[in-house]
Amino acid sequence: MAIPSLVNQPLAFSFSFLLFLALCTPLAANNTDFGGSACLKVSPTHFAGSVTEVITAIRQVASILSRFSPPFANFRLATALADCLDLLDLSSDVLSWALSASQNPKGKHNSTGNLSSDLRTWLSAALAHPETCMEGLEGTNSIVKGLVSAGIGQVVSLVEQLLAQVVPVQDQFDDASSKGQFPLWVKPKEKKLLQSIGMTAADVTVALDGSGNYAKIMDAVLAAPDYSMKRFVILVKKGVYVENVEIKRKKWNIMMVGEGMDSTIISGNRSVVDGWTTFRSATFAVSGRGFIARDISFQNTAGPEKHQAVALRSDTDLSVFFRCGIFGYQDSLYTHTMRQFFRECTITGTVDYIFGDATAVFQNCFLRVKKGLPNQKNTITAHGRKDPNEPTGFSFQFCNITADSDLVPWVSSTQSYLGRPWKSYSRTVFMQSYMSEVIRGEGWLEWNGNFALETLYYGEYMNTGAGAGLANRVKWPGYHPFNDSNQASNFTVAQFIEGNLWLPSTGVTYTAGLIL
C-alpha cells in the first residue's frame with residue numbers, strides 16, 4: 001500500500017528526521033548495498049524482499065477470508081472475519097512503513113527518527129495483528145479457521161524472521177530526570193510553537209445539545225481528513241455519548257479534547273458474551289497514528305458477568321492519553337500494539353484490565369481494582385509479548401494502585417495481583433509507585449501452571465505501600481526485583497518509548513527518567 005506524501009507533516013514527525021537520522025551508525029559511503037544504515041543485519045534489498053513476501057502472504061490470506069461473508073456467516077463469525085480483514089490491512093500498512101523506511105532511512109516518515117525502534121515497533125504490530133485474527137476465530141466455524149490457519153502461521157513465521165533482522169539500538173539521547181524538557185535539537189522558535197500545542201482552537205465541536213457542528217462523535221471523526229499531516233482537533237463538550245467510536249487507520253493526527261474525565265464520557269456495552277470479539281467490543285477504538293486524547297473518559301458498562309468488554313482499544317503509534325478515564329471490568333484497556341503514553345489517567349477493572357502487546361508507559365496514573373464475580377481473582381495487567389525480539393512491554397511509574405470503592409469492603413477476601421503472563425515473553429515493570437494492601441504479597445499470578453514463568457520479564461523498583469513488600473513475592477526465574485537504577489532506567493519514558501523524540505510535540509508534561 002502506497003504511503004501518502006508527507007509534505008507539511010505534523011510536529012511529531014516533521015522534526016524527527018533531524019535527529020541524527022535514525023540513530024543507527026552510518027556505514028561507509030561506498031557501501032550502497034546497505035542504503036547507508038546499519039540498523040539491519042541484512043541488506044535493505046534482502047529486507048525489502050522479505051517484507052514484500054510477507055505482504056503477499058497477507059493478501060493471500062485476506063483473499064480467502066473475503067469469500068466468507070453474510071449470509072454464510074452468523075453474527076459472531078461475521079464479526080471475527082471483519083476483524084481479520086481490518087487487522088490484515090493494518091499489518092500491510094505497517095509493513096509498508098517498514099519497507100519505505102528501510103529503503104530511505106532519512107525520510108520524514110520515520111516517526112521518531114530512531115529507525116531501529118520504529119522498525120521493531122511496526123514489525124511487532126504486524127506480528128500481533130494476525131495473532132489477534134486467530135484469537136477472534138476461536139469458537140467460530142472450524143472450516144474457516146482451518147482454511148486460513150496455515151496462511152496465518154506463515155505470516156507470523158515470516159514476521160518473526162523480519163524482527164530478528166533488525167538490530168536493537170538503545171536510545172542515545174540524554175535521559176536525565178526531567179519533566180517535559182525539550183530535546184536539545186529543538187530550536188527556540190520551535191519550542192514556542194511546541195508549547196502552544198494543546199491550546200489550538202478546535203476544528204470541529206461535538207455537543208449533545210446541538211450547539212456544536214455535530215451531535216455524534218463518529219460524525220466528527222468521519223469529517224477529519226485522511227492521512228492528515230496537520231493536527232485535527234475535535235472538541236467534545238460535556239455529556240454522556242452512547243456510541244461506539246472507531247478512528248480507522250487513515251485518520252492520522254486526530255486530537256480529541258473533552259471537558260474533563262468526569263464530564264465528557266463515551267459509553268458502550270459490547271461484550272464477548274453478547275457475541276462480539278474482544279477486539280470489536282471496544283467502546284472507543286483508534287488505529288490512526290499520532291492520536292491524542294485529553295480530559296475525556298471511555299467506559300464499557302457491560303459489567304463483570306459479560307467477561308471481556310473493552311472500553312478503549314488503541315493501535316495508534318506515538319499516541320498520548322492525558323487525564324483520561326478508562327472504566328470497565330474485564331479487559332478495560334486494550335493497548336493492542338505500537339508506542340503509547342498514558343499520563344494522569346484513571347483506569348479501573350478486574351481481570352487483565354490492562355492488556356495487549358503495545359510498548360506503553362503509564363505515568364502518574366490511578367489504577368483502581370474493582371469488585372468482580374464471586375471468587376474471581378483480579379489481575380491488573382496481561383501483557384502479550386510473544387517473541388523475544390519484540391521491544392514491547394508495560395512500564396508503570398509514579399502510579400497509585402488501590403481498591404475502587406466497590407471493592408474496599410472485600411479487599412481482605414479478594415485476591416488481586418499486578419499481572420499474569422498472557423503470552424510467553426510477557427513484560428511488565430512497576431517502579432516508584434504506591435501499592436495499597438489490595439495487592440497480594442505474591443504480587444504476580446500464574447496464567448496456567450508453569451507457562452512462561454522462565455521467559456516472562458516482570459520487574460519492580462522502589463515501590464511503596466502495604467502491597468509493595470518484596471519478602472513474599474513470587475520466586476519465578478523471570479521475576480526481577482531491581483537492585484539499582486540502571487535496570488529501572490531501561491523502562492523510563494526516554495528509553496522505553498523514545499519519549500524525548502516525540503512527546504514534546506504533543507504538549508503533554510512527562511518525566512523523562514527516574515527521580516531519585
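Residues numbered from 1 in each chain as written. Predicted model: local features only at pLDDT ≥ 70, side-chain atom pairs only at ≥ 80, totals over all residues. Heavy atoms only, no water.

Interaxial distance between helix H3 (residues 75-103) and helix H4 (residues 115-137) falls to 8 Å at its minimum, and their mutual angle equals 165°. Taken together, the axes of H3 and H4 lie roughly antiparallel to each other. Considering the relative orientation of H3 and H4, their crossing is left-handed. Between H3 and H4, the contacting residues are Arg 76, Leu 77, Ala 80, Cys 84, Leu 87, Leu 90, Ser 91, Val 94, Leu 95, Trp 97, Ala 98 and Ala 101 on the first element and Leu 115, Leu 119, Trp 122, Leu 123, Ala 125, Ala 126, His 129, Pro 130, Thr 132, Cys 133, Gly 136 and Leu 137 on the second. Looking at side-chain class alone, the contact of H3 with H4 contains 19 nonpolar, four polar and one charged residues. (Axes fitted to C-alpha atoms, helices over the stretch in contact; angles between N-to-C directions. Helix = DSSP H or I, 4+ residues; strand = E, 2+ residues; numbered from the N terminus. Parallel < 35°, antiparallel > 145°, perpendicular 65-115°, else oblique. Left-handed = near helix turned anticlockwise from the far one by under 90°. Contact = heavy atoms within 4.5 Å. Nonpolar A, V, L, I, M, F, W, Y, C, P; charged D, E, K, R; others polar.)

Moving on, we come to the pairing of strand E3 (residues 239-242). Every second residue of E3 is oriented toward a common face, the buried set being Gly 239 and Tyr 241 and the non-buried set Val 240 and Val 242. In terms of strand pairing, E3 meets strand E6 (residues 264-268) through four bridges, oriented parallel. Across the sheet, the residue bridging to Val 240 is Ile 265, located in E6. (Buried < 20%, exposed > 50% of the residue type's maximum accessible area, 1.4 Å probe, protein only. Pairing = 2+ DSSP bridges.)

Bringing the state of the cysteines into the picture now. For the structure shown, the criterion picks out one disulfide. Here Cys 345 stays unpaired: no disulfide links it, and the sulfur of Cys 365, its closest cysteine neighbor, is 4.7 Å away. The class for Cys 345 is buried, based on a relative accessible area of 0%. Here Cys 399 stays unpaired: no disulfide links it, and the sulfur of Cys 365, its closest cysteine neighbor, is 4.8 Å away. (Disulfide = S-S within 2.5 Å.)

Moving on: the packing of helix H2 (residues 44-65) against helix H5 (residues 142-164). Helices that pack against each other are described as a pair by the angle of their axes relative to one another and the distance between those axes. Direction vectors running N to C along H2 and H5 enclose 165°, while the axes themselves pass 9 Å from each other. When the axis of H2 is compared with that of H5, the two are roughly antiparallel. Relative to H5, the crossing made by H2 is left-handed. Only Val 144, Leu 147, Val 148, Gly 151, Ile 152, Gln 154, Val 155, Leu 158, Val 159 and Leu 162 of H5 make contact with H2, whose side of the interface consists of Phe 47, Ser 50, Val 51, Glu 53, Val 54, Ala 57, Ile 58, Val 61, Ile 64 and Leu 65.

On to the confidence of the model for the chain. Of the residues in the chain, 84% reach a pLDDT of 70 or more, and the chain-wide mean stands at 88. Per-element averaging of pLDDT across the chain places helix H1 (residues 11-14) at the bottom with 38 and strand E13 (residues 333-335) at the top with 99. Under a pLDDT of 50 for its full length, residues 171-199 has, in the predicted model, 61 contacts with residues more than four places off or in other chains. (pLDDT = per-residue confidence, 0-100.)

On to the nonpolar core. Grouped together as the largest cluster of nonpolar side chains are 60 residues, with contacts concentrated most on Leu 65, Leu 95 and Leu 137. For Leu 137, the contacting residues outside a window of four places in its chain are Leu 77, Ala 80, Cys 84, Val 144, Lys 145 and Val 148. Membership of the second largest hydrophobic core comes to 59 residues, among which are Val 221, Tyr 241, Met 256 and Leu 367. (Core = buried A, V, L, I, M, F, W, Y, C linked by side-chain atoms within 4.5 Å.)

With that settled, consider the packing of aromatic side chains. Scanning the model with the defined rule gives 22 aromatic pairs in all. An angle of 40° between the planes, with centres 6.3 Å apart, marks the rings of Tyr 457 and Phe 482 as tilted. Of this pair, Tyr 457 sits in strand E25 (residues 457-461) while Phe 482 sits in the loop between strand E26 (479-481) and helix H8 (485-489), placing them 25 residues apart in sequence. Residue Tyr 457 is classed as partly exposed on the basis of its relative accessible area, which comes to 24%. (Phe/Tyr/Trp six-rings, centres within 6.5 Å; stacked < 30°, edge-to-face > 60°.)

Once that is clear, we can look at the sheet that holds strand E10 (residues 312-314). Taking strand neighbours across the sheet as the criterion, the seven strands line up as E4-E7-E10-E13-E16-E19-E22 in an open arrangement whose pairing is parallel. What marks the edges here is a single partner per strand, and that holds for strand E4 (245-247) and strand E22 (416-419). The sheet shows a mean angle of 10° between the axes of neighbouring strands, taken without regard to direction. Alignment of strand E7 (residues 284-286) against E10, held across three bridges, turns out to be parallel. Counterpart to Val 286 in the pairing with E10 is Ser 314.

A separate point is the sheet that holds strand E15 (residues 346-349). Taken in spatial order, the eight strands make up an open sheet running E3-E6-E9-E12-E15-E18-E21-E24, and their pairing is parallel. At either end of the open sheet lies a strand with only one pairing partner, and these are E3 and strand E24 (434-435).

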